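Architecture and fold: a report
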Amino acid sequence: MHVSATLLGDGSSDAALKSILNWLMQQHLSATDTFAIEVADLRGLPNPPKTPVDRIQVALDRYPAQVLFLHHDAEDDSFDMRWAQANQEVLAAFKKVSPPSMYVGHVGVIPVKMMEAWLLGDEAAIREAANNPRGSEPLDLPTKARVETVDAKKALFAALEKASGLNARRLKSFSVHRQRHRLAELGLERGFGHLRGLDSFDRLYAEVALIIKKFDV
């Protein structure tokens, strides 16, 4: 069996989510199954679509797939509220768009606050992503219980800078955005099982399992 998927998100950080989704697909597919996930980056289009309906239609036209992963950060809304809103947007959009004939369904990808919360759980990976795996500088990472209550992007970028061990002058050429993607790639190698127990990640884990089951019907 082969599963094709498209990730539709909001910005440059969405590429990092691809590693997490790749890992999740590996957990729910057999060793003989294959899959491919493409990131629908619509920002470079001459007239980027803005409404949910137009964004979904353009994404599926340009990146036709069986599964649509739709990324929304919960930000200041409750997780359940953002989850419901994301699903309502997709269901409403599909009354107006024409999905490809291969289409099976969608999965909401909804980190609490922001995606970076899912990258804060592996201290060793953060140090390696910062090119200083033997560093010992305290990173002041939030506990698992608090990781979805802090400004995760600010916390992650600060941790990467501390982990690098670089002085202020050399930090000027240190790209936290580039190292964030490196961290996501390392996560795919090391696994994201440490995120189990976070409500938002557990929901995504379960939703991926449900969408894969549809291929067995």
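I will try to describe carefully the structure that is included in this document. Computed from a prediction, not measured in an experiment: that's the story for all the values here.

**What about unusual backbone geometry?**
Residues other than glycine seldom take positive phi values, yet Asn 131 does so here, at roughly 65 degrees. Relative to the assigned elements, Asn 131 resides in the loop between helix 4 (123-129) and helix 5 (152-164). The phi dihedral of Asp 140 is positive, around 55 degrees, even though this residue is not glycine. Relative accessible area serves as the criterion here: at 61%, Asp 140 is assigned to the exposed category.

**Section: helix 1 (residues 14-28)**
Across its 15 residues, helix 1 extends 21 Å between first and last C-alpha, which sits within 8% of the 21 Å expected from 1.5 Å per residue. Of the positions making up helix 1, those classed as buried are Asp 14, Ala 16, Leu 17, Ser 19, Ile 20, Leu 21, Asn 22, Trp 23, Leu 24 and Met 25. Residues of helix 1 that are buried make contact with strand 1 (2-8), strand 2 (34-40), strand 3 (67-71), strand 4 (105-109), helix 7 (176-190) and helix 8 (199-213).

**Some thoughts on the sheet that holds strand 2**
With parallel pairing, four strands are arranged side by side in an open sheet as 2-1-3-4. For this open sheet the edge positions go to strand 2 and strand 4, each flanked by a neighbour on one side alone. Taken pair by pair, the neighbouring strands of this sheet meet at an average axis angle of 20 degrees, ignoring direction. Relative to strand 3, strand 1 runs parallel, the two sharing four bridges. Across the sheet, residue Ala 5 finds its bridge partner in strand 3, namely Val 67. In the packing of helix 1 onto the sheet, contacts are made with strand 1, strand 2, strand 3 and strand 4, and the angle to strand 2 comes to roughly 160 degrees. Where helix 8 meets the sheet, its contacts fall on strand 1, strand 3 and strand 4, and the angle it forms with strand 4 comes to roughly 170 degrees.

**Things to note about helix 5**
Over its 13 residues, helix 5 extends 18 Å from the first C-alpha to the last, a length consistent with the 18 Å expected when each residue adds 1.5 Å. Residues of helix 5 that are buried make contact with helix 4, helix 6 (168-171) and helix 7.

**Description of the nonpolar core**
If you look at the biggest cluster of nonpolar residues, it comprises 49 residues, and the most contacted ones within it are Leu 24, Phe 69, Trp 118 and Phe 201. Among the elements that make up this core, the one with the highest residue count is helix 1 (seven residues). Among all residues touching Phe 201, those that are not within four sequence positions of it are Ile 20, Trp 23, Leu 24, Trp 118, Phe 192, Leu 195 and Arg 196. Listed in part, the 13 residues of the second largest apolar core include Ala 40, Leu 45, Leu 60 and Leu 68.

**Re the packing of aromatic side chains**
We describe a pair of aromatic rings using the distance from one ring centre to the other and the angle between the two ring planes. One pass over the full model with this rule turns up three aromatic pairs. When the ring of Trp 118 is compared with that of Phe 201, the centres are 5.6 Å apart and the planes differ by 85 degrees; the resulting orientation is edge-to-face. One end of the pair, Trp 118, is in the loop between strand 4 and helix 4; the other, Phe 201, is in helix 8, with 83 residues separating them in the sequence. Neither Trp 118 nor Phe 201 differs from the other in exposure class; each is buried. One aromatic cluster is present, formed by Trp 23, Trp 118, Phe 192 and Phe 201 through successive ring pairs.

Cut-offs used in this document
- As a convention, each chain's residues are numbered from 1 in the sequence order in which they are written.
- Where totals are concerned, whole chains, interfaces and linings use all residues; where local detail is concerned, this predicted model gives features only for residues with pLDDT of at least 70, and gives and counts side-chain atom pairs only at 80 or more.
- Calculated side-chain values reflect all of the structure's heavy atoms, with hydrogen atoms and water omitted.
- Working definition: helices are DSSP H or I runs of at least four residues, strands are E runs of at least two. Numbering for both runs from the N terminus.
- The buried label goes to any residue with under 20% of its type's maximum accessible area, the exposed label to any with over 50%, and the partly exposed label to all in between, with areas taken from a 1.4 Å probe on protein chains only.
- One fewer than the residue count of a helix, multiplied by 1.5 Å, yields its expected span.
- Whether two residues are in contact is decided by their heavy atoms, any of which lying within 4.5 Å being enough.
- At least two bridges found by DSSP between two strands are what make those strands a pair.
- The convention used is that axes are lines fitted to C-alpha atoms, helices contributing only their stretch in contact, and that angles between N-to-C directions extend from 0 to 180 degrees.
- For our purposes a nonpolar core is just a set of buried Ala, Val, Leu, Ile, Met, Phe, Trp, Tyr and Cys residues, chained together by side-chain atoms within 4.5 Å.
- Ring pairs shown here join Phe, Tyr and Trp side chains whose ring centres sit within 6.5 Å, with only the six-membered ring taken for Trp; geometry is labelled stacked below 30 degrees between planes, edge-to-face above 60, and tilted in between.

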